[in-house]
Amino acid sequence: MENKVNRELPDELMTKMNLKGFESTKIGHPEVQRVAPKVRVSAGEDKVVDSLEEVIKNNLKDGMTISFHHHFRNGDFAFNKVMDQIIKMGYQDLTLAPSSLTGVMNDKVIEAIKKGVITNIASSGMRGSLGEFVSHGGLKNPVIFRSHGNRARAIEEGDIKIDVAFLGVPVSDPAGNANGQDGNAVFGSLGYALIDAQYADKVVLLTDNVVDYPNTPASIKQDQVDYVVKVDKIGDPDKIGSGATRFTKDPKELKIAQNVNQVITNSPYYKQGFSFQTGSGGAALAVTRYLRQSMIDDQITASFALGGITKPTTDLLEEGLVKKVMDVQDFDKGAAASMAKNRDQQEIDASWYADPHNKGAVVNNLDVAILSALQIDTDFNVNVMTGSDGVIRGAIGGHQDAANAKMTIITAPLVRGRNATVVPKVETVVTPGDSIDVLVTERGIAINPKRQDLIAALSKVPGLKIVDIKDLQQLAQDQVGQAKPLEYTDRTVALVEYRDGTIIDTIKQVKD
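Treat the numbers as computed from the prediction; the structure is a model and nothing was measured. (Residues numbered from 1 in each chain as written. Predicted model: local features only at pLDDT ≥ 70, side-chain atom pairs only at ≥ 80, totals over all residues. Heavy atoms only, no water.)

Caption draft 1: Focus on unusual backbone geometry. In this model, Tyr213 is joined to Pro214 through a cis peptide bond whose omega is -5°. Pro217 follows Thr216 through a cis peptide bond whose omega is -5°. Structurally, Pro217 can be placed in the loop between β10 (202–207) and β11 (227–230). Unusually for a residue other than glycine, Asn18 sits at a positive phi of about 55°. (Helix = DSSP H or I, 4+ residues; strand = E, 2+ residues; numbered from the N terminus.)

Caption draft 2: Region of interest: the pairing of β11. As judged from the two bridges shared by strand β1 (residues 48–49) and β11, these two strands associate in the parallel manner. When the sheet's bridge partners are listed, Val49 is paired in β11 with Val229. Across four bridges, β10 lies against β11 in parallel orientation. When the bridges of β11 are listed, Leu206 appears paired with Val229. (Pairing = 2+ DSSP bridges.)

Caption draft 3: Spotlight on the sheet that holds strand β18 (residues 382–383). The three strands lie next to each other as β18-β17-β23, forming an open sheet whose pairing is mixed. At either margin of the open sheet sits one strand with a lone partner, and together these are β18 and β23 (422–423). Where strand β17 (residues 375–377) lies against β18, two bridges are found, and the strand directions are antiparallel. Bridge pairing in β18 places Ile376 opposite Val382.

Caption draft 4: Summary view of the packing of helix α2 (residues 52–59) against helix α3 (residues 78–88). Where α2 meets α3, the axes come as close as 10 Å, and the angle between the chain directions of the two elements is 60°. Considering their axes alone, α2 and α3 lie oblique with respect to each other. Judged by the twist between their axes, the crossing of α2 over α3 is right-handed. Each of Leu52, Glu53 and Ile56 in α2 lies in contact with α3, whose residues at this interface are Lys81, Val82, Gln85 and Ile86. Class assignment of the residues belonging to the contact of α2 with α3 gives a composition of four nonpolar, one polar and two charged. (Axes fitted to C-alpha atoms, helices over the stretch in contact; angles between N-to-C directions. Parallel < 35°, antiparallel > 145°, perpendicular 65-115°, else oblique. Left-handed = near helix turned anticlockwise from the far one by under 90°. Contact = heavy atoms within 4.5 Å. Nonpolar A, V, L, I, M, F, W, Y, C, P; charged D, E, K, R; others polar.)

Caption draft 5: Structural detail: the side chain of Asn59. For Asn59, the location among the structural elements is in helix α2. Among the polar contacts listed, one links the side chain of Asn59 to the side chain of Lys202, at a separation of 3.0 Å. Within polar-contact distance, the side chain of Asn59 engages the side chain of Tyr227 at 3.2 Å. If we ignore the near neighbours within four places in the chain, the residues touching Asn59 are Arg40, Met64, Val164, Lys202 and Tyr227. (Polar contact = N/O pair within 3.5 Å; in protein donor to acceptor, adjacent residues only side chain to side chain.)

Caption draft 6: Structural view of the sheet that holds strand β20 (residues 407–411). The strand order across the open sheet formed by eight strands is β15-β14-β13-β12-β16-β20-β24-β25, and the pairing between neighbours is mixed. Bordering the open sheet on either side are β15 (345–347) and β25 (444–447), each of which pairs with just one other strand. If you compare each strand with its neighbour and ignore which way they point, the axes differ by 20° on average. The pairing of strand β24 (residues 438–441) with β25 spans four bridges and is antiparallel. Across the sheet, residue Val440 finds its bridge partner in β25, namely Ile445. Packed onto the sheet, helix α12 (residues 333–341) meets β13 (302–309), β14 (322–330) and β15 and runs at close to 90° relative to β15.

Caption draft 7: Representation of the environment of Gly137 in the model. Relative to the helices and strands, Gly137 is located in the loop between α5 (128–135) and β6 (143–145). Separated by 46 residues in the primary sequence, Gly137 and Gly183 have C-alpha atoms spaced 41 Å apart. Beyond its immediate sequence surroundings of up to four residues, Gly137 is in contact with Arg491, Val493 and Gln509.

Caption draft 8: Local environment of the pattern of salt bridges. Evaluated as defined, the whole model comprises 23 salt bridges. Across the salt bridge formed by Lys333 and Asp238, the nearest N and O atoms sit 2.9 Å from each other. Here Lys333, found in helix α12, pairs with Asp238, found in helix α8 (residues 237–240); they are 95 residues apart in sequence, far enough to count as distant. For Asp238, a relative accessible area of 56% corresponds to the exposed category. Between Arg393 and Asp389 there is a salt bridge whose closest N-O contact spans 2.7 Å. Assessed through its relative accessible area of 33%, Asp389 is described here as partly exposed. One network of salt bridges, with partners in common, ties together Arg146, Arg153, Glu157, Asp159 and Glu497. (Salt bridge = Lys/Arg side-chain N within 4 Å of Asp/Glu carboxyl O. Buried < 20%, exposed > 50% of the residue type's maximum accessible area, 1.4 Å probe, protein only.)

Caption draft 9: Focus on helix α16 (residues 469–480). With 12 residues, α16 ought to run about 16 Å at 1.5 Å a step, and its terminal C-alpha atoms sit 17 Å apart, in line with that. Along α16, the residues classified as buried are Ile469, Leu472, Gln473, Ala476 and Val480. Taken end-on, α16 shows its buried residues confined to a sector of 100°, consistent with a single buried face. Exposed positions of α16 whose direction lies more than 90 degrees from the buried face are Lys470 and Asp478. Considering only its buried residues, α16 is in contact with β17, β21 (415–416), β22 (419–420), β23, β24 and β25. Its side-chain oxygen 2.7 Å from the backbone nitrogen of Lys470, Asp468 forms the N-cap of α16. One or two steps after α16, the chain reaches Gly481, where phi turns positive at roughly 90°. (Expected span 1.5 Å × (residues − 1). Arc of directions from axis to C-beta.)

The following block contains the structure:
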């Protein structure tokens, strides 16, 4: 079976799992039926328990689906604490369905897989040793990778049915009113955990800080929570995110950022009340700084900024250059601290952020998105999932979702080390070329031919070097040489969904 980005999909697996191939970036207006969780009525307010073992014993069975969030990032203590207990108790054949997997979780997930505790994974991504392990066939069944918006859709429509959600929080009261803004391990927005809290059959909060009732603001509310487990320490705040985010000094990244700013400020979308989403990499953060100065010079303010939020973005809010910040996740301490003191930094859940099957996600109102890429090909398809060696070492995150913007810009160096970034064909299609409008590199800017309006507008800008993407690909190849085709087995180790749940690509097992 071949889908609309010309990727061959395994017929037997597609039929067995009742899957459909990717057809279009156009979502349309389908009518969908959402599901609801089972609820055990609780008459009392005090849900605090000391024994995680008892909670697991009374609520978990073999074959169930468990979920976690990744807001603690590499400062997470909750995940390994829970998985240690589940492994110790000998559970088997579980599906692990976290919002994403971070490096601190890798060793424990690999241990659980080897012992048969985990046989299925659904996530936004994975990196490091876990990515290597899965890429070489370590997991029994194929991983399903979904964007953040698609994960929300899958949970709401029942494609992911969470039996027990284990959600670490910095603070909760005895009834389960919790947030990410207070406590000893503050991370700000709880955006990706809110869907789990709403739809899981059982919701277990883990915290080291139980405060008097009622705890407000309550991101997760008591009517969603079954247990509050008191632990010694829930996370390391120093590993959740850095302090003030550093402005890159890399000349290549600065050149890219300057070019991106030129593209934005000379586009038809740069006007009073425009909206944008940037990432957290060096070039993306530099774009925010350059864009700030342009907005000051031109006396323009933005209606909102979206996505994973960093301190440079909340600084724009403080200065009045951005009216609202729509915050689904915070990437550093500065952004997390800002949420507690600024009412215009609005916490949003993953559905409000980017679910394509709701009554209106915030990404639908996005003018400009600045995204990165591991690879981009001459059809503008983007890979953010697998490396040049074919190994899983990334995450979809909100990439497909933000690419719904009116103008989506990919920032990437022409080459990384000895590997080309602009290639004839990406190893894994994650975001289809129909979603991508502009590629900005340090050697030139390529505009998708379907955007003749942008070509006309940006070709007139002094200093912007507009080139054909095929010429950029050839420049990259001339610099590093032509890559040898990678060798894979016939076994599928992962399925990559588009944000509507269709399959946009598969990832095969890497040959040893």
